[in-house]
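Architecture at a glance
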Amino acid sequence: MDLAHPQTRAPIRGVVFDKDGTLFDFNATWGAWAADVITTETKGDPENRARLAQVLGFDLKTGTFLETSIVIASPAADIARAALPLLDDTSVEAVLNRWNTLAAKAPQVEATPLKPFLEGLKRAGLKVGVATNDAEYPARAHLKEAGIEEAFEFIAGSDSGFGGKPEAGQLMAFCDATGLHPRDCVMVGDSTHDLHAGRAAGMACVAVLTGVARADELAPFADVVLPSIAELPEWLGL
């Protein structure tokens with residue numbers, strides 16, 4: 001079944017989703033993780049907690065991320081590298097191993113009930129994938145916990161060998177895995193990194209507001225800005 005993109009009329013046969021802030025509400029999911037990481041890494045020392053929170057772009061009082069937070073869209077290795085000067089470790093790998101273990105246990109708050117949402121897309125004949133700047137191990141753990149890992153034809157993290165967003169490597173790998181052309185696919189995400197990657201790959205781009213970025217930040221790079229992925233089927237004409 002071919003689904004016409006409402007503006008370009010290109011057939012949509014594949015959808016690539018960002019994970020955090022797109023499939024899962026960003027602050028609701030990662031606020032608890034960030035607070036846990038900051039407290040654990042600094043052993044509760046008030047001065048060090050404030051420093052690490054500043055590096056991560058996390059407001060300790062509200063338990064939410066700042067719009068400029070490095071955590072929102074950067075690859076996991078870049079986040080660990082930025083925090084490394086404040087930690088006891090001497091290697092990014094050691095930090096990543098510890099943080100990925102905590103991340104895999106982070107409770108995920110779905111942006112919309114994901115199982116019926118994805119079942120609807122699959123019934124319409126669409127192939128679906130995930131392209132995240134999270135590491136692949138915690139990403140798969142989150143998808144498995146939500147009972148949706150098997151729904152995706154393709155899952156890539158920033159350490160899966162295709163690079164990270166805003167580069168297009170993950171999205172081109174999705175096309176290779178599914179046999180689809182980028183013009184027949186749409187990238188759905190909550191950050192400009194997602195949208196830049198989609199544009200670089202030659203895909204249509206849909207922005208959602210379940211992350212931290214505002215609509216006016218995302219709109220210049222998107223074909224449409226939606227409140228959440230719940231509105232995507234209607235936009236696709238399902």
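In case you missed it, the structure is sitting above this.
Here we summarise the structure given alongside this text.

The rules behind these values
- Residues numbered from 1 in each chain as written.
- Predicted model: local features only at pLDDT ≥ 70, side-chain atom pairs only at ≥ 80, totals over all residues.
- Heavy atoms only, no water.
- 1 Å grid on protein atoms, 1.4 Å probe; cavity = no way out; pocket = protein on both sides within 12 Å on 5 of 7 lines; lining within 4 Å.
- Points joined across faces, edges and corners; volume = space filled by probe spheres on them.
- Helix = DSSP H or I, 4+ residues; strand = E, 2+ residues; numbered from the N terminus.
- Nonpolar A, V, L, I, M, F, W, Y, C, P; charged D, E, K, R; others polar.
- Buried < 20%, exposed > 50% of the residue type's maximum accessible area, 1.4 Å probe, protein only.
- Arc of directions from axis to C-beta.
- Contact = heavy atoms within 4.5 Å.

1. Quick notes on empty space enclosed by the protein
- Overall, the coordinates contain one cavity of 30 Å³ or more when judged by the stated rule.
- Considered as a void within the structure, the largest cavity measures approximately 290 Å³ in volume.
- Considering the residues around the largest cavity, the lining is formed by 24 residues, among which Asp20, Val71, Ser74, Ile79 and Asp134 are closest to the centre.
- Looking at the lining of the largest cavity, the elements that each hand over two or more residues are helix H1 (26-42), helix H3 (76-83), helix H4 (92-104) and helix H8 (192-201).
- With four residues, H4 is the single largest residue contributor to the lining of the largest cavity.
- Taken together, the residues that form the lining of the largest cavity break down as twelve nonpolar, six polar and six charged.

2. Things to note about unusual backbone geometry
- Pro166 follows Lys165 through a cis peptide bond whose omega is 25°.
- Structurally, Pro166 can be placed in the loop between strand E7 (154-156) and helix H7 (169-178).

3. Quick notes on helix H6 (residues 136-145)
- Buried within H6 we find Pro138, Ala139, His142 and Leu143. Looking straight down H6, one finds its buried side chains confined to an arc of 135°; they lie on one side. Opposite the buried face of H6, by more than 90 degrees, sit the exposed residues Tyr137, Lys144 and Glu145.
- The elements touched by buried residues of H6 are H1, H4, strand E6 (127-131) and E7.
- Following H6 by one or two positions, Gly147 adopts a phi angle in the positive range, close to 75°.

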